[in-house]
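Breakdown of the fold
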Amino acid sequence: MGWNISISEHVVCGAPFGGGLAVIRRCGSKDILAGGVQIYNTAGVQIATIPWGQKLPVGLGWTDDEKLLLVLDDGSTLLYDLLGSFIRTFLMLPSSINQKIVKVCVWGHGLAALTDQMVLQVCDDVGVAAPQVYQMATGLSSNRPAISMVVLNPRFTSSGLVEVILSTSDKSVIIVDSNGPEDQLLQGRIQAPIVDMAVAPNGRFLACFTATGILTVMSTSFTTKVLDFDTSTSVAPLQMDWCGEDSVILYWKHFLLLIGPYGHWLKFPYTRALHIIAEADCCRIITDLSCELLQRVPGAIEMIHRIGSTHSAAMLYDAMEAFEDGDAKANENMHSVNSAEQLNVAIEVNILAALAELEPTQQKRYLRAAIYGKAFCSNSVQDGCIVSAVRKMRVLNHMRRVDPGIFLTALQYEWLAPYALIDRLLARKQHQVALSMCQLLGIAQDKVLIHWACARLRESVAAPTLDEHLRDEIKVHLPTRDCALPYVRIAAAADLIGRRRLAIMLLRHETCATEQVKLLLSMREYDCALNQAVSSMEVDVIHLALLSIERALSSAGVAVDSFYSLIAVHKDASSLLHALYREYLLRGQHKHKLLHNLFMNPSLPIKFSEAGNLAIKIGYREASRTIRFERMREAIALYAQSRDSQFQAKQTEEHLDLLETQIEFEARYGVACFLDMSVTESIYNLIALGASQTSLGTTLQSDALRIQRRFRVPDRRFCHIKVKALAASGQWAQFHAFAVERRPLIGYRPFILALVNCNQPTSKVLKYVDRVQSVDERFSLLVEFKLWRPAIETASRLNDLEKFIQLQSSSCNDPQLRAEISQQLIRLGGF
């Protein structure tokens, strides 16, 4: 596979998990030559070019989702996708700081940059719209600078924070996180400064190359030293990284040195310049001619092919080969697998070997061995394992082709997961491959179809197509199924490229009314949004539309009439808006103007009565009397405009008159006992005040009569009020005068009741009872108010048997009186 580049003259950076490869041409003046930044896949096919006219970046790197970061020395950071499209730019350094970026490390979705003043600038998520950058002090300076830098991913740290590891010129290592730096004080454990470092893929170990040529491997907690290996050279390697999780690979000009966990090593000569890309279980070696994979022999393959192996998997593999060659040795080999458990293990190991193998021909041999062994196994558990393995191998083998050029091992595929692999295919616009993969693995295809539709819409910008044609094309490729597709995302993409009409057409196929209305609102298609909300018959959606439209028009300075004219054609919407505004009032929110405008807007049926009611309700919430009276006058004017509200207008006028009269009384008499009282309570208070303001008795009586005449209080009702007020205030002289001045309209019973309620002596009560002319009525009053002795005497004078029977059945509990009643009954022949 020809790369058509010279690695020695370029800066190369590769993404993990078979991702893209970024190449930048290097030259002596550090200016970028024509050609910019080239992006290749693992098959050496150029898939994108980023035009570049700036100086050489200080660093570059790939995020986990295959976004390319280019960092300049002034802190400018540019983010591109895999196809070279610019995403955004942000600053790692504030413009006010006079510093330069000298080292850069990219991990996951984050970026760490070291300045020439030994200050760390860190961004934990470069993928968000507005990345947040914070500073971490290192405790270093130009007198004690950092020589190399690596980042320990937060998922590997005990604190959950990103940790930056810096080697220093005084033979130590500093770990820096947001809590500050921590010096590991390694001067006694290493003999020279560390010039290069690399973190293992599992985050457990750190490889360090010292200035004296010693490779030291220790735990990232710096508590354990695993290995010291003397490379016999003080020349620092051009590149050092991990090959899997247990080997370190170092590159010097013309050769690679691979050092294993126990100090074993292998040397690989290379006549051409190369670049190493570390993977989770291997490493890729990029030259100008090829992309090679260096990997420890997988355990399953080693079990089968190790010299003299007697493992059941090796016996099964040999039996399959003998069977295919027609050799009777096949039966002998199968007999050596002497248990069902061993046979199951043998089948499983051959399946794993097939997955780990990179050559399709050899993959088939391992699978044939597994299928051959399955013929001797009564257990069908392995059926699903074989089918699953075949599907994975089909996916992996297709990914390893020149197109799409994503070279993954089986372990990387497991770690990456199918969904992430689909995302990588979509980033490369490999929609057909992604769709086939979804069908093969039984994964929902919605994401792929939506991504294809959005990509098709973006392509239409360069080659204009009629909206109807695009809509029909998308509909053909997105058939209606049980699980409806979210057309709102496609419509949003159409609106983003300026095809508003197409977006509205696509939204008609969206089944979720909420999402449909939300997008229409964001597009400022208010009429259409309200139509869809009302059509959905969902109250929450209609509320969302109404409030969003009202807020948007209000913030834009649009007249409120336009909003009401918009909802005028929707009776249900206007009714809900009424209910919503009333709810605001119940919650005490001061939004009565909205409801008033709604009642009085000419675009809607004008509701004078409701507007008047609202004015009175708001008036009574005001603390100021002046404002309250203004609201009441406003209500009177509103009621007067409606033929059906004349009664309300008249009543409101009278109530306002009463309030003004009450304020007059409070000012005249110096008491606060009139405002907001009823007519009855006002008369009562005027009469009762005579007890404390005797000098104003005549005036109080005159005002009480004025209230009676003004508000047409009947004479009988007025008498009842006066009796109660005089008795309650203790004005007994006036009480008696009122009772004797003429025969009361209400009779004497209210007087007697008032005396009894005020606990007046029985003698006074009897004086008023005696004024009752009717004997029967007088007797009834005596019984009602439990005046038993006068009642007995009255009945005796009349010799009335019925009255004594009534007394016998009364609630009188006095034994002497009851005995007397019984005697009278006997006397009159009641028994």
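The name given to the protein in an unreviewed UniProt entry is Vacuolar protein sorting (Vps) complex subunit, with the source organism recorded as Aureococcus anophagefferens.

The next point concerns the overall build of the protein. A count of helical and extended segments in the protein gives 32 helices and 27 strands. The C-alpha radius of gyration of the protein comes to 49 Å, more than 25% above the 28 Å expected for a compact globule of 831 residues. Counting only C-alpha atoms, the protein reaches 145 × 70 × 70 Å along its principal axes. With 831 residues in all, the protein has 48% of them scored as buried.

In sheet architecture, strand pairing relies on hydrogen bonds along the backbone and comes in two forms, parallel and antiparallel. Taking strand neighbours across the sheet as the criterion, the 4 strands line up as β1-β2-β3-β4 in an open arrangement whose pairing is antiparallel. For this open sheet the edge positions go to β1 (10-14) and β4 (46-50), each flanked by a neighbour on one side alone. Here the average twist between neighbouring strands, direction ignored, is 20°. Here strand β2 (residues 21-25) pairs with strand β3 (residues 37-40) via 4 bridges, running antiparallel. In the sheet register, Ile24 faces β3, and the bridge partner there is Val37.

Attention now moves to helix α5 (residues 360-374). The terminal C-alpha atoms of α5, which comprises 15 residues, lie 21 Å apart, in line with the 21 Å expected from a rise of 1.5 Å per residue. Along α5, the residues classified as buried are Gln362, Gln363, Tyr366, Leu367, Ala369, Ala370, Tyr372 and Gly373. Close packing links the buried residues of α5 with α1 (299-305), α2 (312-324), α3 (329-336), α4 (340-356) and α6 (382-399).

What follows concerns the sheet that holds strand β21 (residues 239-243). Judged by pairing direction, the sheet is antiparallel, and its 4 strands sit side by side in the order β21-β22-β23-β24 without closing on themselves. If you trace the sheet from one side to the other, it starts and ends with β21 and β24 (265-269), each paired once. This sheet shows a mean twist of 20° between the axes of neighbouring strands, independent of strand direction.

Here is a general trend for soluble globular proteins: nonpolar side chains tend to be buried in one another's company. Ranked by size, the top nonpolar core spans 94 residues in total, and within it Leu421, Leu457, Ile490, Leu506 and Leu530 carry the most contacts. If you tally residues by element for this core, the top one is α4, at 8 residues. Those residues in contact with Leu457 that lie beyond four places of it in its chain are Leu470, Ile474, Ile490, Ala493, Ala494, Ile497, Leu502 and Leu506. Ranked by size, the runner-up nonpolar core spans 50 residues in total, among them Phe718, Ala739, Ala754 and Phe804.

Consecutive side chains of a regular strand alternate in pointing toward one face of the sheet and then the other. The two faces of strand β5 (residues 59-62) match: Gly59 and Gly61 on one face and Leu60 and Trp62 on the other face are all buried. Inspection of the sheet shows β5 paired to strand β6 (residues 68-71) by 4 bridges, in the antiparallel sense. Within β6, the position partnered with Leu60 by the bridge is Leu70. Linking two consecutive strands that pair antiparallel, namely β5 and β6, is a turn of 5 residues; a positive phi of about 60° is found at Glu66 within it.

Criteria and thresholds
Residues numbered from 1 in each chain as written. Predicted model: local features only at pLDDT ≥ 70, side-chain atom pairs only at ≥ 80, totals over all residues. Heavy atoms only, no water. Helix = DSSP H or I, 4+ residues; strand = E, 2+ residues; numbered from the N terminus. Rg over C-alpha atoms; globule rule 2.2 N^0.38 Å. Buried < 20%, exposed > 50% of the residue type's maximum accessible area, 1.4 Å probe, protein only. Pairing = 2+ DSSP bridges. Axes fitted to C-alpha atoms, helices over the stretch in contact; angles between N-to-C directions. Expected span 1.5 Å × (residues − 1). Contact = heavy atoms within 4.5 Å. Core = buried A, V, L, I, M, F, W, Y, C linked by side-chain atoms within 4.5 Å.

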